[in-house]
Amino acid sequence: MDWNLFIIPLTNIFVQLIKRSRIDKEWLPAIAVAIGLVLGIVYGLATNADLFVHIVQGTIYGASAAGIYDFGSAGLKKFKTINEDLD
């Protein structure tokens, strides 16, 4: 069994805990990707396996925990807001 698959539910748990704070909700997908990345690094270091592979897998698992669509739409909204502010 590939134990690093537990990164997805762990990421969901951490994001749910972070949602209770006063952080802006549109940052949650990016936070989920970052948490997945960190958990991938931790798993790679703990198992003395190929670190690059686990970094990539952790990032993918974090993105799937957040929902790639949510990540893209939140980023697009933020990008549009920044560009409107510059005009």
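Residues numbered from 1 in each chain as written. Predicted model: local features only at pLDDT ≥ 70, side-chain atom pairs only at ≥ 80, totals over all residues. Heavy atoms only, no water.

## Regarding a nonpolar patch on the surface
- Taken together, the side chains of Trp3, Phe6, Leu10, Ile13, Phe14 and Leu17 present a nonpolar region at the surface, about 590 Å² in accessible area.
- If you trace the backbone, Phe6 turns up in the segment before helix H1 (7-19). (Patch = residues over 30% accessible without salt bridge, like charges linked within 9 Å, V, L, I, M, F, W, Y side chains within 5 Å. Areas by Shrake-Rupley, 256 points an atom, 1.4 Å probe, with all protein chains shown as cover. Salt bridge = Lys/Arg side-chain N within 4 Å of Asp/Glu carboxyl O. Helix = DSSP H or I, 4+ residues; strand = E, 2+ residues; numbered from the N terminus.)

## Topic: the nonpolar core
- Formed by Ile7, Val15, Leu28, Ile31, Ala32, Ile35, Leu39, Tyr61 and Ala66, the largest nonpolar core amounts to nine residues.
- Looking at this core, the elements that each hand over two or more residues are H1, helix H2 (28-47) and helix H3 (51-66).
- No other element matches the five residues that H2 contributes to this core. (Core = buried A, V, L, I, M, F, W, Y, C linked by side-chain atoms within 4.5 Å. Buried < 20%, exposed > 50% of the residue type's maximum accessible area, 1.4 Å probe, protein only.)

## Quick look at the side chain of His54
- Mapped onto the secondary structure, His54 falls in helix H3.
- A polar side-chain atom of His54 sits 3.4 Å from a polar atom in the side chain of Gln57.
- Ignoring sequence-local partners within four residues, the contact set of His54 consists of Asn4, Gly40, Tyr43, Gly44, Thr47 and Ala49. (Polar contact = N/O pair within 3.5 Å; in protein donor to acceptor, adjacent residues only side chain to side chain. Contact = heavy atoms within 4.5 Å.)

## Examining the confidence of the model for the chain
- Of the residues in the chain, 87% reach a pLDDT of 70 or more, and the chain-wide mean stands at 82.
- Mean pLDDT across the secondary structure elements of the chain bottoms out at helix H4 (residues 68-86), with 70, and peaks at H2, with 90. (pLDDT = per-residue confidence, 0-100.)

## A word on H3
- For H3, which comprises 16 residues, the first-to-last C-alpha distance of 22 Å matches the rise-based estimate of 22 Å (1.5 Å per residue) to within 8%.
- Considered for burial, the residues of H3 that qualify are His54, Gly58, Tyr61, Gly62, Ala63, Ala65 and Ala66. (Expected span 1.5 Å × (residues − 1).)

## Structural notes on the packing of H1 against H3
- The contact between H1 and H3 brings their axes to 9 Å, and the two run at 55 degrees. When the axes of H1 and H3 are compared, the pair comes out oblique. Once H1 is placed against H3, the crossing between them reads as right-handed. In this structure, H1 uses Ile7, Ile8, Thr11 and Asn12 to contact H3, whose residues at the interface are Gly58, Tyr61, Gly62, Ser64 and Ala65. (Axes fitted to C-alpha atoms, helices over the stretch in contact; angles between N-to-C directions. Parallel < 35°, antiparallel > 145°, perpendicular 65-115°, else oblique. Left-handed = near helix turned anticlockwise from the far one by under 90°.)

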